[in-house]
Amino acid sequence: MDLIMIREVDKQYKNGVLAISDLSLNVKKGDFVFIIGASGSGKSTLIKMLYREEKPTKGKILIGGINVAKLKNKRVYVLRRKIGVVFQDFRLLPKKTVYENVAFALEIFGEKKQEIRKRVINSLNLVGLKSKAKYYPNNLSGGEQQRVAIARAIVNSPKLVICDEPTGNLDPDTSMEIMKVLEEINKQGTTIMVVTHDKEIVNKMKRRVILLEEGRVKKDYKKGTYDDEVV
Amino acid sequence: MKLFRMLGRNFRDALKSVIRNFSLSLASISCITITLVVVALSIILSYNVNNFSNIIKKDVTIVVFIENDATDQQIAGLENTIKNDKNVDSYKFYSKSEVAEEIMQHSDIYKTIMEEWNDKTNPLYDEFWVKVKDIEIIDQTAQKIKDIKIVKTVEYGETIINKLLSTFKVIQNISYILVISLLIVTAFLISNTIKLTIHARRKEISIMRLVGASNMTIRLPFVIEGLFLGILGSIIPIIITIYGYYVVYNYYGGQLFSPLIRLISPEPFVYIIALILLGIGVIVGMGGSYKAVRRHLKV
């Protein structure tokens, strides 16, 4: 069953740049997908459209039955509750502790305190940071901060986790640790989409790889590596 | 239940955020405090001036002196004219012997002289004492009565009353303009200060949106924070108003310069002003936050 269905999507920015052109793509539930491509190939625009930070100019994007292209600004939260997003710069709140940062994503729904506690501890366990729940983000290493961001992204059990260059600021060893965490989450049934430049992790993971070029899907490898094509 | 939990959490978070972003909160609070103090002064001034004018207006009387050769019929005609005038609130007739008696009560010297007067030698005049409804057009009413043949003259202390009233009116208008413009400036300043606080926290807002908070959920803690800022900002102005007004009132013994200019008694006046200040603080704080967070909602 397809979790993501993208049909003939165009995205043209106001300055005239055509970032995505006639792009169609399907992602199955439980998939682990890498999206690679040179700078300006439309990777970031594509995932920005998936979590509806950008709207497509033309075409259709369905995520778990929600038509993202037609979603109004004030209804965006409906989509965002079904997906988790992880960024290169972590985007944690520096004045909240690790626990509070993760709990934040549940508190806004009015969940019960005990339920929040249970789920936050579960997520932190999964990313291996239970012992650092009371730390502030600034006291953590880059890899640890990224794991907090992942814990926050998965705490409300989303169907899809989107990662935009999640290892961009991290050394190779830490990057692999992050990938292992994502793999673990994927094993539990969550679909993972990772945009990356990191050759090493793509080659080691041997998962589905989608190569973008000039806003179109150039190649789609089932168990690909970065070396299949020179990007 | 869910709503109550969210509200409870928002109150807790708003309080935490006021404390955690203390320097910015302090900027907003000081802004509210300073303007509310000036607003309080202007409101107190304007209410008191209004009070002075009302007291004076109630006291103003047109005294109509009637020619000694007027017949009873003519006097009845004059009374009719006064009675039918739309601006006349009440009136009373004093015969010249009543006027003489009134004067004699106040002075023994006058008494010895005036006791010898009889109805024919009494040089005083019969009088109507007329109170008007609208003091602004007292001139017209007085003139209308003066134009009647048997009226010798009318007196109502026109120069001093006119001067006093026009001064009060100027003061009142200035204080009204001051209050209104201050309120606009306060709203603007607070909205800007809160915009600054919210701008500093735009990251927090974008993360809230990212993890699936609806616009209402994002806005609520900021609006509650505005409520706290409004309440905190109005504490000092309220204390200054209550304490300060009592001090001024007692220092002047409840009146300024003459018994005619009486200050409004402090109770319940100061408490009403305190409530008004709290209300303004809360509305401006919440409104400012609501408006300021708006532009960060569309991600």
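Residues numbered from 1 in each chain as written. Chains lettered and ligands numbered in written order. Predicted model: local features only at pLDDT ≥ 70, side-chain atom pairs only at ≥ 80, totals over all residues.

1. Let's talk about the overall build of chain B
- Across its full length, chain B carries ten helices and four strands.
- Taken across its 299 residues, chain B has 29% of its residues classed as buried. (Helix = DSSP H or I, 4+ residues; strand = E, 2+ residues; numbered from the N terminus. Buried ≥ 20, exposed ≤ 12 C-beta atoms within 10 Å, placed from the backbone.)

2. What to know about the overall build of chain A
- Along its length, chain A carries seven helices and ten strands.
- Buried residues in chain A amount to 45% of all 231 residues.
- Taking the contacts inside chain A whose residues are at least 6 apart along the sequence as the reference set, 67% of them involve residues at least 24 apart. (Contact = placed C-beta atoms within 7 Å.)

3. Digging into the sheet that holds strand 2 (residues 18-28) of chain A
Residue and element names in this part refer to chain A.
- Ordered by their spatial adjacency, four strands build an open sheet running 2-1-4-5, and the pairing between neighbours is antiparallel. Looking at which strands have only one partner, the edges of the open sheet turn out to be strand 2 and strand 5 (66-67).
- In the sheet, strand 1 (residues 2-12) pairs with strand 4 (residues 58-63) via five bridges, with the strands oriented antiparallel. In the strand pairing of strand 4, Ile4 is matched with Ile63. (Pairing = 2+ DSSP bridges.)

4. Comments concerning the environment of Pro94(A)
Residue and element names in this part refer to chain A.
- In this structure, Pro94 sits in the loop between strand 6 (83-87) and helix 3 (98-107).
- Placed 42 residues apart in sequence, Pro94 and Tyr136 show a C-alpha to C-alpha distance of 6.6 Å.
- Apart from the residues within four sequence positions on either side, Pro94 is in contact with Tyr136, Pro137 and Asn138.

5. Looking at the environment of Asn125(A)
Residues and elements named next belong to chain A.
- For Asn125, the location among the structural elements is in helix 4 (residues 113-126).
- Looking at Asn125, the number of C-beta atoms within 10 Å reads 12, which means it is exposed.
- For Asn125 and Ala151, which are 26 residues apart along the polypeptide, the C-alpha to C-alpha distance reads 8.7 Å.

6. Quick word on the sheet that holds strand 7 (residues 160-164) of chain A
Residue and element names in this part refer to chain A.
- What the six strands build is an open sheet, ordered 6-7-8-3-9-10; its pairing is mixed. Each end of this open sheet is capped by a strand with a single partner; those strands are strand 6 and strand 10 (216-221). Ignoring strand direction, the axes of neighbouring strands in this sheet form an average angle of 20°.
- With four bridges connecting them, strand 3 (residues 32-37) and strand 8 (residues 191-195) associate as parallel partners. Along strand 8, the bridge assignment pairs Phe32 with Ile192.
- This element, helix 6 (residues 172-187), spans strand 3, strand 7 and strand 8 of the sheet and lies at about 150° to strand 8. (Axes fitted to C-alpha atoms, helices over the stretch in contact; angles between N-to-C directions.)

7. Focus: helix 5 (residues 142-154) of chain A
- End to end, helix 5 of chain A covers 19 Å across 13 residues, agreeing with the expected 18 Å (1.5 Å per residue, within 8%).
- Where helix 5 of chain A is concerned, the buried positions are Glu144(A), Gln145(A), Gln146(A), Arg147(A), Val148(A), Ala149(A), Ile150(A), Ala151(A), Arg152(A), Ala153(A) and Ile154(A). (Expected span 1.5 Å × (residues − 1).)

8. A few points about the interface of chain B and chain A
- Between chain B and chain A, the contact holds 18 residues from the first and 16 residues from the second.
- Looking at the side of chain B that touches chain A, the elements with two or more residues in it are helix 1 (2-20), helix 8 (202-210) and helix 9 (215-251) of chain B.
- The greatest single-element share of the side of chain B that touches chain A, amounting to six residues, is contributed by helix 1 of chain B.
- A class-by-class count of the residues in the side of chain B that touches chain A yields eight nonpolar, four polar and six charged. (Nonpolar A, V, L, I, M, F, W, Y, C, P; charged D, E, K, R; others polar.)

9. Details of the packing of helix 1 of chain B against helix 9 of chain B
All names here are of chain B.
- The geometry of helix 1 relative to helix 9 is characterised by a closest axis approach of 8 Å and an angle of 60° between their N-to-C directions. For the element pair helix 1 / helix 9, the angle class is oblique. Read as a crossing pair, helix 1 and helix 9 show a hand that is right-handed. Two secondary-structure elements touch here, helix 1 through Asn10, Phe11, Asp13, Ala14, Leu15, Ser17 and Val18 and helix 9 through Leu220, Pro221, Ile224, Glu225, Phe228 and Leu229.
- Split by residue class, the contact of helix 1 with helix 9 holds nine nonpolar, two polar and two charged. (Parallel < 35°, antiparallel > 145°, perpendicular 65-115°, else oblique. Left-handed = near helix turned anticlockwise from the far one by under 90°.)

10. Let's talk about unusual backbone geometry
- Residue Pro268(B) is bonded to the preceding Glu267(B) through a cis peptide linkage, with omega at 0°.
- By the secondary structure assignment, Pro268(B) is in helix 10 (residues 266-294).
- Although it is not a glycine, Asp22(A) sits at a positive phi angle of roughly 50°.
- Looking at where Asp22(A) falls in the secondary structure, it is placed in strand 2.
- Its 14 C-beta neighbours within 10 Å are what place Asp22(A) among the partly exposed residues.
- Although it is not a glycine, Phe90(A) sits at a positive phi angle of roughly 65°.

11. Topic: the confidence of the model for chain B
All names here are of chain B.
- Overall, the prediction assigns chain B a mean pLDDT of 83, with 98% of residues at 70 or greater.
- Across chain B, helix 9 holds the top mean pLDDT of 89, while helix 7 (residues 158-200) sits lowest at 77.
- Here the predicted complex carries an ipTM of 0.81, next to a pTM of 0.67. (pLDDT = per-residue confidence, 0-100.)

12. What about the pairing of strand 3 (residues 126-132) of chain B?
Residue and element names in this part refer to chain B.
- In terms of burial, strand 3 is a largely internal element, five of the seven residues being buried.
- Relative to strand 3, strand 1 (residues 61-66) runs antiparallel, the two being bridged by six bridges. Looking at the pairing, Phe65 lines up with Glu127 of strand 3.
- Where strand 2 (residues 88-94) lies against strand 3, six bridges are found, and the strand directions are antiparallel. If you follow Phe93 over to strand 3, its bridge partner there is Phe128.

13. A look at the nonpolar core
- Ranked by internal contacts, the top residues of the largest apolar core, which has 80 residues, are Val102(A), Ala151(A), Val161(A), Ile162(A) and Met193(A).
- Among the elements that line this core, the one with the most residues is helix 3 of chain A, at seven residues. (Core = buried A, V, L, I, M, F, W, Y, C linked by C-beta atoms within 7 Å.)

14. Here's the deal with the packing of helix 3 of chain A against helix 5 of chain A
Residue and element names in this part refer to chain A.
- Their axes nearest at 8 Å, the elements helix 3 and helix 5 cross at an angle of 25°. One element, helix 3, and the other, helix 5, form an angle in the roughly parallel class. Judged by the sense of rotation from one axis to the other, the crossing of helix 3 with helix 5 is right-handed. On helix 5, the residues that touch Val98, Asn101, Val102 and Ala105 of helix 3 are Val148, Ala151 and Arg152.
- Along the lines of polarity and charge, the residues of the contact of helix 3 with helix 5 split into five nonpolar, one polar and one charged.

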